Amino acid sequence: MRNKIKSASRVKTFLSAFVALSLLNLNGWSKPLFPADTITDYYEVETIQMPKGLTAETDGLAVMPDGRIVAGFHRGEIMIYTPKTKTWKLFAEGIHDPLGIMAVSNSEILVMQRPELTRVKDTNGDGVADLYETVTDEFGLSGNYHEFAFGPVKDKQGNIFISLNTASNGAGIFPEVRGKLDTLGRPGRMYSAVPYRGWVMKLTPDGKLHPYASGFRSPNSLGFDANGNLFAADNQGDWLGTSKLYHVQEGKHYGHPASLLWKEGFPRITPRKLPVKMLDSLRTVESVAFPHSRIANSPTQPVLDNTGGKFGPFAGKMLIGEMDHPYLIRLMLETVDGQIQGACAPFLAGAGLRRGNNRLAFGPDGSLWLGQTDHGWAGARGMQRVRWKGKTPLELADMKLTPTGFVLTFTQPLDAATAQQLTNYQFQRYYYEYHEAYGSKQFDKQPVAVTKAELSPDGKTVTLKLGELKAGYIYELEMGKLRSTTQQNLMGRLVCYTLNRLQRNTQANP
Amino acid sequence: MKNIVAAGLFAAICGLTVSSASAQDTTLTIRAVEGLKFDVPRFVVRPGTRINLTLDNYDDMAHNLVVTLPNSRLRVVNTSLALGDQAVKLNYVPRTPDVVAHTPVVEPGKAEKISFVLDQEGVYSYVCTYPGHGFVMYGAIYVTRRPATVPALDKDPHVAANRKDDAGHAHHLPDHPYELKYPAVYRTFMPDSGPASIAVGLTPKAAYCWDAGSCRLRYAWTGGFIDQTDHWDGNGKKPTHVLGDVYFRDQGGFPIRLGTADRLPEVKFKGYRLINRYPEFRYLVNGIEVREMIKPLKTGRGLVRQFTLGPVSGPVYFVCKSGDGVKYRPSVGKIQDGFVRLPVGTRSFTLTMIAE
């Protein structure tokens, strides 16, 4: 025991010396960095002290207009954290898995709990909620544990979107259900025996809930990009060879067949019994596939970096959380041939994040609040806050498809010698199959040669020409030890581009 | 060759499964179960035992089982996380001498067998190295000639924390970061009710279950409130338990009738307001707003239900069927044929329910 303590403090001493040294080097910006810079030079992670006695499975998280943080926990508590004083206060109790929170004002929130979307409001000004008003419960509830509910998110027109998890054959349903029970929806690993399980729903300002899009398995959770496009993450499992991010559009179906049962006019049949080819033809493919375990096992909430640069060089793009890895994922999306597709890359690996990053919300100061949970699966508990320290790391800022390859844009000018070395760009491509079995192996995995790497005059853009571009594949790029002209290291070297569509002017074999 | 089937029941009770006196073949099945757990937290064999082990995946996600040398579990887990694009092909199992034996990745509902011999004494581990699982999902194999030296389950450093909980040692922790105040309201999965139910503890010893799906009181009990330990564990598969004795159980369905006594109205739940912590439920009955507040009887077992109605043109009936465990005392009207007929124009009334 003694020895352990001793060596721990030795490590600490070493670490602080290391930090001091790298800070010195950050000040002397023009000199080459030694020792090498790490992500902690650019971002700092604060672990929030949680209330004593709280089981901090953070289900939901939102920032209130006054900058306080409102968080919902697995045992039904809704608590408010004041960052200035670092104090917690109880706001509401007894919520059944508050997996989504939207702040309406400093005294009112919307909470997505298992049975309904609820307005929770302090009407008498004592700081504690006294009104729990049902906003909508117009969806089925079978009593199956996996019927989580996610959202709410609100569009510019005032419509609210929520998403409804399918049930799991890990358990049955209650003898009594809420909503219409359809036994045709019972077979299958993840099933939909009551209305709109596996759907994204739209609540219009008149209070009516409409089925919006189907084909989801475990859509945790929803978010908008800078252009107001709605996205939903979904988890690897049956019918999902790997985890995905969908661009959700009205009336479309995204591939998990169970929910089709509740589509108006759909034939009276258990949807999964239809031929796979037919089901495949009904679906709209994902914008981003997250290669399983390589990038994500269980992606969570997509969130737009709307900080205008207060969180670093990625403003205007989206981030998404991940349950099983101690990092977040950055998204780099573009529209190709009318469809949104793009790349995903681990972000903040090594910064001191825990796993289980289930909820993300930007504060008014541009810091990112993270709510962490495990919920019986892999993950962690509690909350962390990430701040950008003001210096720009060397990262891939954008990845765009061209007719002959990809254009990579970096946050800093690159060292020309390393940037033009072809061996610093190792591509492989593969795909995951659409089938009923849980997950998928990687099919047709092949290395793809890079035939040319051209650096732009400003040093920030590398144009790569590839030996082959093929639609329907994930292009995984592992970059070498690229450096900036000021000798900064490239922080994230792995990026995966979901190439669903080629550009219209692309030749079959460029 | 003689097979000794390790008793899973025994393992579940005391967390210790011991094979017989001398080294020989042992056959056992370990289930991967919900909540990143192996159902067998640990087992004991003598040196030289051949272990025929089946991993049976009862969970809803994929798992493997990797047997590792003493003191190498974390090293193997961390190495498995660094396998990169080889991970899937290798079943998330690193090729290191630390690995004694392993199953491939076993999909939910499937099983795989492995067989291996442990000659040297020591505490071996079995761990799921599927990404993210290895830090919580593991157990211990004690290879020893002296099973009596194996520590108690809750003190065993080789057993996963989520398996020590099951031994009943994790119940001292508080439920919340505050002392629960009464009346207390929880939306939770209640037994014998709809899935959108609300448990209300009026006092620590008197409670009721109200179904927000069908907008009605389902049952009431005394002696305690609820135990949510099972429901709170993991992903919430098990329902909450009622603590105490149920004295009332609704038999008549939704109780309010508008216009005629025999037609069930349409109901819609609108939420509740807390008044001195008592929830006042709000719901629509054929579009008419109803408010219902339930308080305990001042003395004895029973409830006082106070109703407030929106304007109704015709007569209003309230079902008071006998045989549900209580006697009804309405503040207005008389009980006849299992109904209270409220005087026309009644906007509020109380219904006292006294346990029989």
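Rules behind the numbers
- Residues numbered from 1 in each chain as written.
- Chains lettered and ligands numbered in written order.
- Predicted model: local features only at pLDDT ≥ 70, side-chain atom pairs only at ≥ 80, totals over all residues.
- Helix = DSSP H or I, 4+ residues; strand = E, 2+ residues; numbered from the N terminus.
- Rg over C-alpha atoms; globule rule 2.2 N^0.38 Å.
- Buried ≥ 20, exposed ≤ 12 C-beta atoms within 10 Å, placed from the backbone.
- Contact = placed C-beta atoms within 7 Å.
- pLDDT = per-residue confidence, 0-100.
- Nonpolar A, V, L, I, M, F, W, Y, C, P; charged D, E, K, R; others polar.
- Pairing = 2+ DSSP bridges.
- Core = buried A, V, L, I, M, F, W, Y, C linked by C-beta atoms within 7 Å.
- Domains from an automatic or database assignment.
- Axes fitted to C-alpha atoms, helices over the stretch in contact; angles between N-to-C directions.

- Identification of chain B as Azurin from Larkinella arboricola is taken from an unreviewed UniProt entry.

- Chain A has the name DUF7133 domain-containing protein in an unreviewed UniProt entry, where Larkinella arboricola is given as its organism.

Some remarks on the overall build of chain B
- Helix and strand counts for chain B stand at four helices and 27 strands.
- On C-alpha atoms alone, chain B measures out to a radius of gyration of 29 Å, which is more than a quarter above the 21 Å that the 2.2 N^0.38 rule sets for 356 residues.
- Burial status across chain B gives 42% buried among its 356 residues.
- Nonlocal contacts in chain B, meaning residues at least 24 apart in sequence, comprise 56% of its contacts between residues at least 6 apart.

Quick notes on the confidence of the model for chain A
- Of the residues in chain A, 92% have a pLDDT of 70 or more, and the chain-wide mean is 93.
- Within the model, the stretch residues 1-34 of chain A combines pLDDT values under 50 with 14 contacts to residues more than four positions away or in other chains.

A few points about the interface of chain B and chain A
- The interface of chain B with chain A comprises 39 residues on the first partner and 47 residues on the second.
- No other element matches strand S19 (residues 267-275) of chain B, which puts six residues into the side of chain B that touches chain A.
- Partitioning the side of chain B that touches chain A into residue classes produces 19 nonpolar, 11 polar and nine charged.
- Judged from the three bridges that link them, strand S9 (residues 131-136) of chain A and S19 of chain B form a sheet pairing that is antiparallel. Of the residues in S19 of chain B, the one forming a bridge with Tyr 132 of chain A is Tyr 272 of chain B.

Let's talk about the environment of Gln 120 of chain B
Residue and element names in this part refer to chain B.
- With respect to the helices, strands and loops of the structure, Gln 120 is situated in the loop between strand S8 (111-118) and strand S9 (122-127).
- Each C-alpha atom, one on Gln 120 and one on Pro 70, is 9.9 Å from the other, the two residues being 50 residues apart in sequence.
- With sequence-adjacent residues up to four places away left out, Gln 120 is seen in contact with Pro 47 and Val 143.

Brief notes about the nonpolar core
- Counting residues in hydrophobic clusters, the biggest one holds 178 residues, and the most contacted among them are Val 70, Ile 162, Met 201 and Ile 329 of chain A together with Ala 207 and Tyr 208 of chain B.
- Non-local contacts of Val 70 of chain A, meaning those with residues more than four positions away in its chain, are made with Ala 62, Met 64, Ile 78, Ile 80, Phe 91, Ile 101, Ala 103 and Ile 109 of chain A.
- Ranked by size, the runner-up nonpolar core spans 43 residues in total, among them Tyr 92, Val 127, Ile 141 and Val 159 of chain B.

Overview of the domain arrangement of chain A
Residue and element names in this part refer to chain A.
- Under the domain assignment used here, chain A contains domain 1 (54-121 + 129-135), domain 2 (138-286) and domain 3 (396-499).
- When each unit is reduced to the centre of its C-alpha atoms, the spacing between domain 1 and domain 2 is 25 Å.
- Domain 1 puts 10 residues into the contact, and the matching count from domain 2 is 10 residues.
- The residue makeup of the side of domain 1 that touches domain 2, split by class, is six nonpolar, two polar and two charged.

A closer look at the sheet that holds strand S4 (residues 78-82) of chain A
All names here are of chain A.
- Read across the open sheet, the four strands follow the order S2-S3-S4-S5; overall the sheet is antiparallel. Lying at the two open borders of the sheet, with one neighbouring strand each, are strand S2 (58-63) and strand S5 (87-92). Strand-to-strand, the axes of this sheet are offset by a mean angle of 25°, without reference to chain direction.

Some remarks on the sheet that holds strand S16 (residues 222-224) of chain A
Residue and element names in this part refer to chain A.
- Spatially, the four strands line up as an open sheet ordered S16-S17-S18-S19, and their pairing is antiparallel. The sheet terminates laterally at S16 and strand S19 (288-290), the two strands that pair on one side only. In this sheet, adjacent strand axes meet at a mean angle of 20° when their direction is disregarded.
- As judged from the three bridges shared by strand S18 (residues 243-247) and S19, these two strands associate in the antiparallel manner. Its bridge partner lying in S19, Leu 245 is registered against Val 288.

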